[in-house]
Amino acid sequence: CPDTQTRLKSAAECSDRIRAAPLGLEEKALLAGTMANSKLLYDTCVQPLGKKALSTWRSRVCTSIWGTSHPTRCMEIIFSLLCRGHAADPLQASIFRVLNTARRMLRRYPAMHAQWTSLVDFKREAGVRNGHGPGARFLWAIHRLGWKLNPDCLSATTREGEHVSMLEQDEE
């Protein structure tokens, strides 16, 4: 798709500029999350990146944040300990964006809950793991987190046994 290719090229240019900028790790991570990932993951809520493309982009973003002076770095350490991974890491950002979009839409359109439940149940019964569309992407995100989707398809249970609702407001 020409639009996707244009966005990927723009994301690559952003990544290269971030790597060359004379900034610290935190500032580069912030730029990666707001500039490169926003272009790269624009449609992640309905269309997945392939495994190879996602792996390539994770490495590219990590290199733009960390630099090339220490090529033996561990991406997981950089994305989980040294910067906000849910913003900078394309994998974590994809999961976050899919769940955040599903939650926002479910809260905005309560009349669609029955249709959503039907769609997600259909995708789950068909064994869809990483397909196109919001239902398939939602199942992918839940699976990547290791959560168990509850029968209502409007909530999930974490690995620790905590209940997460897509409809309730977070307490702060």
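Basis of the calculations
Residues numbered from 1 in each chain as written. Predicted model: local features only at pLDDT ≥ 70, side-chain atom pairs only at ≥ 80, totals over all residues. Heavy atoms only, no water. Helix = DSSP H or I, 4+ residues; strand = E, 2+ residues; numbered from the N terminus. Rg over C-alpha atoms; globule rule 2.2 N^0.38 Å. Buried < 20%, exposed > 50% of the residue type's maximum accessible area, 1.4 Å probe, protein only. Contact = heavy atoms within 4.5 Å. Lys, Arg positive; Asp, Glu negative; His and termini not counted. Charge placed at Lys NZ, Arg CZ, Asp CG, Glu CD. Expected span 1.5 Å × (residues − 1). Arc of directions from axis to C-beta. Pairing = 2+ DSSP bridges. Phe/Tyr/Trp six-rings, centres within 6.5 Å; stacked < 30°, edge-to-face > 60°. Lys NZ or Arg CZ within 6 Å of the ring centre and 35° of its normal. Core = buried A, V, L, I, M, F, W, Y, C linked by side-chain atoms within 4.5 Å. Axes fitted to C-alpha atoms, helices over the stretch in contact; angles between N-to-C directions. Parallel < 35°, antiparallel > 145°, perpendicular 65-115°, else oblique. Nonpolar A, V, L, I, M, F, W, Y, C, P; charged D, E, K, R; others polar. Salt bridge = Lys/Arg side-chain N within 4 Å of Asp/Glu carboxyl O.

Here we come to the overall build of the protein chain. Counting its secondary structure elements, the protein chain contains 8 helices and 3 strands. Taken against the 2.2 N^0.38 rule, which gives 16 Å for 172 residues, the C-alpha radius of gyration of the protein chain at 17 Å falls within 12% of a compact globule. Projected onto its principal axes, the C-alpha coordinates of the protein chain cover approximately 50 × 40 × 25 Å. Scored against the burial criterion, the 172 residues of the protein chain give a buried share of 41%. Here the analysis covers contacts within the protein chain between residues at least 6 apart in sequence; of these, 57% occur between residues at least 24 apart. Put simply, the protein chain has 24 plus and 17 minus side-chain charges, and the middle of one group is 8 Å from the middle of the other.

What follows covers helix 1 (residues 2-20). With 19 residues, helix 1 should reach 27 Å at 1.5 Å per residue; the first-to-last C-alpha distance of 27 Å fits that figure. Along helix 1, the residues that are buried comprise T4, R7, L8, A11, A12, C14, S15 and I18. Projected onto a plane normal to the axis of helix 1, the buried residues spread over an arc of 165 degrees and lie on a single side. Those residues of helix 1 that are exposed and aimed more than 90 degrees away from the buried face are P2, T6, K9, R17 and A20. Contacts from the buried residues of helix 1 go to helix 2 (25-40) and helix 3 (51-66).

Strand order in the open sheet formed by 3 strands is 1-2-3, with antiparallel pairing between adjacent strands. A strand with exactly one partner marks an edge of an open sheet, and here the two such strands are strand 1 (148-149) and strand 3 (163-165). As defined by bridge partners, strand 1 adjoins strand 2 (residues 155-157) across 2 bridges and the pair is classed as antiparallel. Of the residues in strand 2, the one forming a bridge with L149 is A156.

Below, the discussion takes up the packing of aromatic side chains. Taken as a whole and judged by the stated rule, the model has 1 aromatic pair. A cation over a ring is seen here: R137 above W140, with NZ or CZ 4.2 Å from the ring centre.

One non-glycine residue, C153, lies in the positive phi region at around 60 degrees. Considering the arrangement of structural elements, one finds C153 in the loop between strand 1 and strand 2. By relative accessible area, C153 is classed as buried at 0%.

In this section: the nonpolar core. Core analysis: the biggest nonpolar cluster contains 19 residues, and L99, W116, V120, F138 and L149 have the highest contact counts within it. Those elements giving two or more residues to this core turn out to be helix 6 (90-108), helix 7 (113-126) and helix 8 (134-145). If you tally residues by element for this core, the top one is helix 6, at 6 residues. Other than its neighbours up to four places away in sequence, V120 contacts G135, F138, L139, L149 and C153. In terms of nonpolar packing, the next biggest core, distinct from the first, is built from 11 residues, C62, I65, F79 and A88 among them.

What follows covers the packing of helix 1 against helix 2. Orientation of helix 1 relative to helix 2, taken along the N-to-C sense of each, is 170 degrees, at an axis distance of 8 Å. By the angle class used here, helix 1 and helix 2 are roughly antiparallel. Contacts between helix 1 and helix 2 involve R7, L8, S10, A11, C14, S15, I18 and R19 on the former and, on the latter, K28, L31, A32, M35, A36, K39 and L40. Considering only residue class, the contact of helix 1 with helix 2 consists of 9 nonpolar, 2 polar and 4 charged.

As a further point, take the pattern of salt bridges. By the definition in use, this model includes 5 salt bridges. The partner of D89 in a salt bridge is R58, with the nearest N and O atoms 2.8 Å apart. Here the residue D89 occupies a position in the loop between helix 5 (85-88) and helix 6, and R58 occupies one in helix 3, the gap between them amounting to 31 residues. Of the two residues, D89 and R58, neither departs from the other in class, the shared state being buried.

Purely geometric numbers; function is a separate question.
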